[in-house]
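Residues per chain are reported as follows:
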There are 2 protein chains.
Amino acid sequence: MENFVYCSPTKYIFGAGTENSVGAEAAALGFKNVLVVYGGGSAVRSGLLDRVKDSLTGAGIRFAELGGIAPNPVDGPVRKGIEMCRAGGIDGVIAVGGGSVIDTAKAIALGVPYSGDFWDFYAGKAKPEAALPVGVVLTIPAAGSEGSGNSVITLESGTKNIKISLRTDYVLRPKFAILNPELTYTLPPYQTASGIADMMAHIMERYFTTTQDVEITDRVSEGILKAIIEEAPKVMAKPDDYQARANIMWSGTLAHNGICGTGRKEDWASHAIEHEISALYNVTHGAGLAVIFPAWMTFMAQYSPGKIAQFARRVFDVAEHDDTAAAAEGIACLKAFFGSIGLPVTFAELGVPDPDIDTMVRRLHENKGEVIGGYRPLRAADTTEIYQLAL
Amino acid sequence: MENFVYCSPTKYIFGAGTENSVGAEAAALGFKNVLVVYGGGSAVRSGLLDRVKDSLTGAGIRFAELGGIAPNPVDGPVRKGIEMCRAGGIDGVIAVGGGSVIDTAKAIALGVPYSGDFWDFYAGKAKPEAALPVGVVLTIPAAGSEGSGNSVITLESGTKNIKISLRTDYVLRPKFAILNPELTYTLPPYQTASGIADMMAHIMERYFTTTQDVEITDRVSEGILKAIIEEAPKVMAKPDDYQARANIMWSGTLAHNGICGTGRKEDWASHAIEHEISALYNVTHGAGLAVIFPAWMTFMAQYSPGKIAQFARRVFDVAEHDDTAAAAEGIACLKAFFGSIGLPVTFAELGVPDPDIDTMVRRLHENKGEVIGGYRPLRAADTTEIYQLAL
């Protein structure tokens, strides 16, 4: 186990009807005038946005609105939000939505007190030190952004999209996150399943590490994975199964609030590899991960099957004693699980039968460096092989 | 799963040498003048206290000292500490020790801004709303007080000791907790083992619940228990095994920072039952729990074997299909595990061959109410049976 600092101060308000406490939570933070950021029409149509606005109004809090945030969020709305905050004397940002909305809200919150362009933080040219406080009403359990200090934004720059994940220790962790499982009943099955793959990937990016002697974080990670695998078929079969939705929603937060990464090196190569797919083909991030993660594991099993075999035995109860064989069986179980909830596990199933691997590899290493990942450092020849294993 | 609010804002600084950051952490909180609370001689003899004082001095922080806090901490030193804080203009309390020291520091922190007697909070006559900030340098992984909002103090009142656990959501959670596994190398084997039983009990008090559909918290709880059971023999065999000590130390924090209790009713009957043993016979709390928890489980298996069977299967890999038989086998495994690390599992082994059960039962229900616990509510006849099952 390595030395670490861990602080997850987000206040979680979890359960049925909790969105009606958003006004009280915002008032407790001293907010007087907030920017409400949201996505497409579902938060409007479902009446959620009205309930949020009513709760804010009831707590004496004024608000401006920035809607229309799309999946794989881009820089344009961030710049617009920053301008709105500055012009309107906004003192807090409230995200009503999933990862794209929350990540946009975080980027806005970070940009407001900064004199330069917000992209400087994502480009590594500036260090995040101050941001407006962010509150969340979560509608999609997937990205884990409600409990993380991270934000992923794509820069639309001429013909070239650059998707970057900004990671901060504390600055961007939401002050509060309201999690009502009922709000996830209406998620389409594909989006529900993609969210499940995303949260599993958040755990696995931390689980596959070269750090030894991390039994406690291994066991916690395996436990969350097992819970997700057990609850996932229930939400797929019955979208309004409150208890299964609740288990999945809380799992998604625990998967990415950092607890699974304490004391060890993390990997994140699969996320980087997937980001090039969703940046180029605009596929759902979690579906892309369902394609890439088994390919990444297949590649890794050639060199370091041990931890993948442990995953197979502890998460999928594989009985095989030989590590290489156990790893292969575990990867097959993971693919079968993804398939069982309607996710693709190949590029063809993802709807990209002929991916431009050369371009993705080139952009990947241009954006993320010559070498990526930690479980085994990956160069262009390796990432090319991983994309090919996903064909 | 039930609705819940969860917030664990403590900043954990974990690893070798981290005690030297106590000055920087205290300065970051704006402390200028602190009370350093510690226990017996080991923190002095080991040089830890000097390192803490050097770190504080180096950060420009003045300090007063209150040493000599004994296990099963009592009200006297709390009152003394409150007076010292008030007289000295103290702005923060730093605990250097284990649960007894931390709980004393918390009680002092709570008493300082309160006009009445600090015991009012423990007696339920006042609601904790403000306290001086508390920082921790942990030396004994057991009580989990470094990450909890709780404090257990015994009131020495005439001939009658009253041991009460005060639980708060946030007010008493430490601002920071410094966890260096090296500081636990010198713990005597019995204290190490007792700490292991204590942290396991903290998980099991939350795990054995009547709340249904809590797969995610069940799996996390089982994972931490499995990690403890795997690492415990290593620390017993080699007290300076850094990696095993690190796994045990972090497990002890996760066991009691509340994450295992999210979304469900908790029990805590075994702790209440044990508190009467340690109040009357001054035994080590964790050792008392090793005696009481299997007895409590044996009692419960008569009525509700299902969850105990799940515990047996998932934590001890019991293969038995019948719930009652699996529960019995799981309880036997738990007793064997406690025995294997040198812990008692009967009153006789605890050194109390002829316990005064009538007195303990009377005091238990006088102090905690006619009915205690949640998995199955317990009256005097039930708690009598549990004490008897531990003979």
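Notes on the structure follow. Throughout, residues of each chain are indexed from 1 in the direction in which the sequence is written. The naming scheme follows written order: chains are lettered A onward, ligands numbered 1 onward. Per-residue local features of the predicted model are confined to residues with pLDDT of at least 70, and side-chain atom pairs are confined, for both listing and counting, to 80 or more; whole-chain, interface and lining totals are unaffected and use all residues. The basis for every side-chain value is the complete set of non-hydrogen atoms in the structure, without hydrogens or water.

**A few points about the side chain of A:Asp198**
Residue and element names in this part refer to chain A. The cut-off we apply is this: Starting at the N terminus, helices and strands are each numbered in turn, a helix being any DSSP run of H or I of at least four residues and a strand any DSSP run of E of at least two. We call a residue buried when its accessible area falls under 20% of the maximum for its residue type, exposed when it is over 50%, and partly exposed in between, using a 1.4 Å probe and counting protein chains only. His residues and chain termini do not enter the charge count, which takes Lys and Arg as positive and Asp and Glu as negative. A pair is scored as a salt bridge if a Lys or Arg side-chain nitrogen falls within 4 Å of a carboxyl oxygen belonging to Asp or Glu. We call two residues in contact when some of their heavy atoms are within 4.5 Å.
Mapped onto the fold, aspartate 198 is located in helix α7 (residues 189-207). Buried and unpaired, aspartate 198 has lysine 163 as its nearest opposite-charge partner, separated by 8.8 Å. In this structure aspartate 198 touches Ala142, Ala143, His271, His285, Gly286 and Leu289, once residues within four positions along its chain are discounted.

**Considering the side chain of A:Ser251**
In this structure, A:Ser251 sits in helix α9 (residues 242-256). Residue classification places A:Ser251 among the buried positions, given a relative accessible area of 1%. Setting aside residues no more than four positions away along its own chain, A:Ser251 makes contact with A:Met199, A:Ile224, A:Ala227, A:Ile228 and B:Ile216.

**Describing empty space enclosed by the protein**
Where we set the bar: Definitions used for this entry: grid spacing 1 Å over protein atoms alone; cavity, a set of points where a 1.4 Å probe fits but cannot get out; pocket, an open set with protein on both sides within 12 Å along at least 5 of 7 lines; lining residue, one with an atom within 4 Å of a point. Grid points are joined across faces, edges and corners, and a volume is the space filled by probe spheres set on the points. Note on residue classes: Ala, Val, Leu, Ile, Met, Phe, Trp, Tyr, Cys and Pro are nonpolar, Asp, Glu, Lys and Arg are charged, and everything else, Gly too, is polar.
One pass over the full model with this rule turns up two cavities of 30 Å³ or more. Of the voids in this model, the largest cavity is the one considered here, and its volume is about 190 Å³. Elements that contribute at least two residues to the lining of the largest cavity include exactly β1 (4-14) and α8 (215-237) of chain A together with β1 (4-14) and α8 (215-237) of chain B. Examining the composition of the lining of the largest cavity, we find that four residues originate from one element, β1(A), more than from any other. Here the lining of the largest cavity is built from residues that sort into twelve nonpolar, five polar and no charged. Approximately 30 Å³ is the volume found for the second largest cavity. Where the lining of the second largest cavity is concerned, the elements lending two or more residues are α7 (189-207) and α9 (242-254) of chain B. Among the elements that line the lining of the second largest cavity, the one with the most residues is α7(B), at five residues. Residues belonging to the lining of the second largest cavity are distributed by class as follows: five nonpolar, three polar and one charged.

**Considering α7(B)**
Going by this rule: Working rule for helices: expected span equals 1.5 Å times residues minus one.
Under the 1.5 Å per step criterion, the end-to-end length of α7(B) is 27 Å for 19 residues, consistent within 8% with the ideal 27 Å. Among the 19 residues that make up α7(B), 16 are buried, leaving the element largely enclosed by the rest of the structure.

**Structural notes on the sheet that holds strand β5 (residues 134-138) of chain A**
Strands in a sheet are paired, the pairing made by backbone hydrogen bonds, and the direction either parallel or antiparallel. The cut-off we apply is this: Strands are treated as partners if at least two bridges between them are detected by DSSP. Inter-axis angles, ranging from 0 to 180 degrees, are taken between N-to-C directions of lines fitted to C-alpha atoms, where helices are fitted over the stretch in contact.
With mixed pairing, the twelve strands of this open sheet are ordered in space as β3(A)-β2(A)-β4(A)-β5(A)-β8(A)-β1(A)-β1(B)-β8(B)-β5(B)-β4(B)-β2(B)-β3(B). Strands at the two margins of the open sheet, each flanked by one partner only, are β3 (62-66) of chain A together with β3 (62-66) of chain B. Adjacent strand axes in the sheet meet at a mean angle of 25 degrees when their direction is disregarded. Strand direction decides the pairing type here: strand β4 (residues 92-97) of chain A and β5(A), joined by five bridges, are parallel. Paired with A:Gly97 across the strands is A:Leu138, a residue of β5(A). In the packing of helix α3 (residues 48-58) of chain A onto the sheet, the strands contacted are β2 (33-38), β3, β4 and β5 of chain A, and the crossing angle to β3(A) comes to about 155 degrees. Packing against the sheet, α9(A) makes contact with β1, β5 and β8 (176-179) of chain A together with β1 of chain B, and its axis sits at approximately 150 degrees to β1(A).

**Let's talk about the environment of B:Glu320**
All names here are of chain B. What counts, and what does not: We call two N or O atoms a polar contact when they sit within 3.5 Å, provided that within protein one can donate a hydrogen and the other can accept it, with sequence-adjacent residues counted only if both atoms are side-chain atoms.
Following the sequence through the fold, glutamate 320 ends up in the loop between α12 (305-315) and α13 (323-340). Each C-alpha atom, one on glutamate 320 and one on leucine 183, is 41 Å from the other, the two residues being 137 residues apart in sequence. For glutamate 320, the side chain forms a polar contact with the main-chain nitrogen of aspartate 322, separated by 3.0 Å.

**Thoughts on the relation of the copies chain A and chain B**
How we decide: A least-squares superposition brings the copies together, and it is based on the C-alpha atoms of residues with pLDDT no lower than 70 in both.
For the pair chain A and chain B, the best superposition has an RMSD of 0.0 Å and corresponds to a rotation of 180 degrees with a translation of 0.0 Å parallel to the axis. Overall, the copies show the geometry of a two-fold rotation axis. Scanning chain A for the C-alpha nearest the rotation axis identifies A:Pro9, at a separation of 1.9 Å. When the interface residues of chain A are mapped onto chain B, 100% of them again lie at the interface, so the same face is used by both copies.

**Comments concerning the packing of α8(A) against α9(A)**
Residue and element names in this part refer to chain A. Using the following cut-off: In this scheme, a crossing is called left-handed if the near helix is turned counterclockwise away from the far one by less than a right angle; it is called right-handed if the turn is clockwise.
Interhelical geometry of α8 versus α9 gives an angle of 145 degrees and a closest axis separation of 9 Å. Here α8 runs over α9; the crossing is left-handed. Along its contact with α8, which presents Ile224, Ala227, Ile228, Glu231, Ala232, Lys234 and Val235, the element α9 presents Gln243, Ala244, Arg245, Asn247, Ile248, Ser251 and Leu254. Counted by class, the contact of α8 with α9 contains eight nonpolar, three polar and three charged residues.

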